[in-house]
Amino acid sequence: IRAHSLLRSFPEVIADRTAVTGISWGGYTTCLVASLDDRFRAAVPVYGCGFLHEGESVQKSPIDKLGDRRDDWVREYDPSSLLPRCRTPILFVNGTNDIHYPLDSYQKSFDVVPGPKQMRIEVKMRHGHPPGWAPQEIGLFIDSHCRDGIPLPRPGELKREGDRVRLSYTSDLPLTAAALHYTSDGGLRSDRTWQTLPAEVAAGEVIAPAPPAEANTWFIALTDERGAMVTTPVQFEE
């Protein structure tokens, strides 16, 4: 936050057009600072999220080892405690099989954000800096808020109708593709295999086959003519 204040003081910086992004623990920190500093126009945490003290994150074990300090740490430093106050427009970027920031913790983090939010989940996205800075959607999202750029597509409401799923959407550019991604595997989320079914793009609507009855986790991806991809929130079946 102090670094942000310093940057905003430079004459070559447009003070009210700043954004923040980070990868892995940097994404985790992005969640924290975007929740505390409302001067940012946009935030993009890559992989990072909260609720690491729950579920399958490899971070859970060292958090549990904090012993009687664990609850204090979660309250003061886990993004789950701060994201409920995040009003900065935020794009969550992650993969389906991340061992540090698993999908259930990721979706919980997304859900508690009250402000503008979008999501980009890539099947089997690797964890690391090169794959973390590769998605063009990071820059496109920030440009849409800081430089009057064209926004990413915006998924709307999901509706299941028999053997189909309908998804409304809005987009400043035509969509060129859509797909439903799902997994029916059990066990660790980082080890699950994902399947993909093509979806039909219509005017203001995507029509996808319903996920198979055995599917336990699924979402729909939308891609516009730039190749920019966004996804719906992740759906979890009981």
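Shown above is the structure to which this text applies.
Residues numbered from 1 in each chain as written. Predicted model: local features only at pLDDT ≥ 70, side-chain atom pairs only at ≥ 80, totals over all residues. Heavy atoms only, no water.

A. Geometry of the overall build of the chain. Counting its regular elements, the chain contains 7 helices and 13 strands. In terms of overall dimensions, the chain is globule-like: its C-alpha atoms have a radius of gyration of 18 Å, near the 18 Å expected for 238 residues. Taking the principal axes of its C-alpha atoms as reference, the chain extends roughly 55 × 45 × 30 Å. In the chain, of all internal contacts separated by at least 6 residues, the share reaching a separation of at least 24 is 66%. Between the centroid of the 26 positive side chains of the chain and the centroid of its 32 negative side chains there is a distance of 4 Å. (Helix = DSSP H or I, 4+ residues; strand = E, 2+ residues; numbered from the N terminus. Rg over C-alpha atoms; globule rule 2.2 N^0.38 Å. Contact = heavy atoms within 4.5 Å. Lys, Arg positive; Asp, Glu negative; His and termini not counted. Charge placed at Lys NZ, Arg CZ, Asp CG, Glu CD.)

B. Main features of helix α2 (residues 25-36). Over its 12 residues, α2 extends 17 Å from the first C-alpha to the last, a length consistent with the 16 Å expected when each residue adds 1.5 Å. Those residues of α2 that are buried lie in contact with β1 (19-23), β2 (42-46), α4 (70-77) and β3 (90-95). (Expected span 1.5 Å × (residues − 1).)

C. Focus on unusual backbone geometry. Its identity is not glycine, yet Phe51 carries a phi of approximately 60°, on the positive side. Structurally, the position occupied by Phe51 is in the loop between β2 and α3 (60-64). Not every positive phi belongs to a glycine, and Asp148 is a case in point at roughly 60°. Note that Asp148 resides in the loop between α7 (137-146) and β5 (154-161).

D. Local environment of the pattern of salt bridges. Enumeration according to the criterion identifies 17 salt bridges in this entry. As a salt-bridge pair, Arg39 and Asp37 come within 2.8 Å of each other at their nearest N and O atoms. Its relative accessible area of 27% is what places Arg39 among the partly exposed residues. Between Arg70 and Asp71 there is a salt bridge; the shortest N-O distance is 3.4 Å. (Salt bridge = Lys/Arg side-chain N within 4 Å of Asp/Glu carboxyl O. Buried < 20%, exposed > 50% of the residue type's maximum accessible area, 1.4 Å probe, protein only.)

E. Region of the structure containing the packing of aromatic side chains. Within this structure, the stated rule accounts for 7 aromatic pairs. Ring geometry for Trp194 versus Phe219: centroids 5.5 Å apart, planes at 50°, classification tilted. In this pair, Trp194 sits in the loop between β7 (175-183) and β8 (195-198) while Phe219 sits in strand β11 (residues 217-224), placing the two residues 25 residues apart along the sequence. An identical accessibility class is assigned to Trp194 and Phe219; each is buried. Through successive ring pairs, a cluster of aromatic residues spans Trp25, Tyr28, Trp73 and Tyr77. In this structure, Lys117 is placed above the aromatic ring of Phe110, and the distance from its NZ or CZ to the ring centre is 4.8 Å. (Phe/Tyr/Trp six-rings, centres within 6.5 Å; stacked < 30°, edge-to-face > 60°. Lys NZ or Arg CZ within 6 Å of the ring centre and 35° of its normal.)

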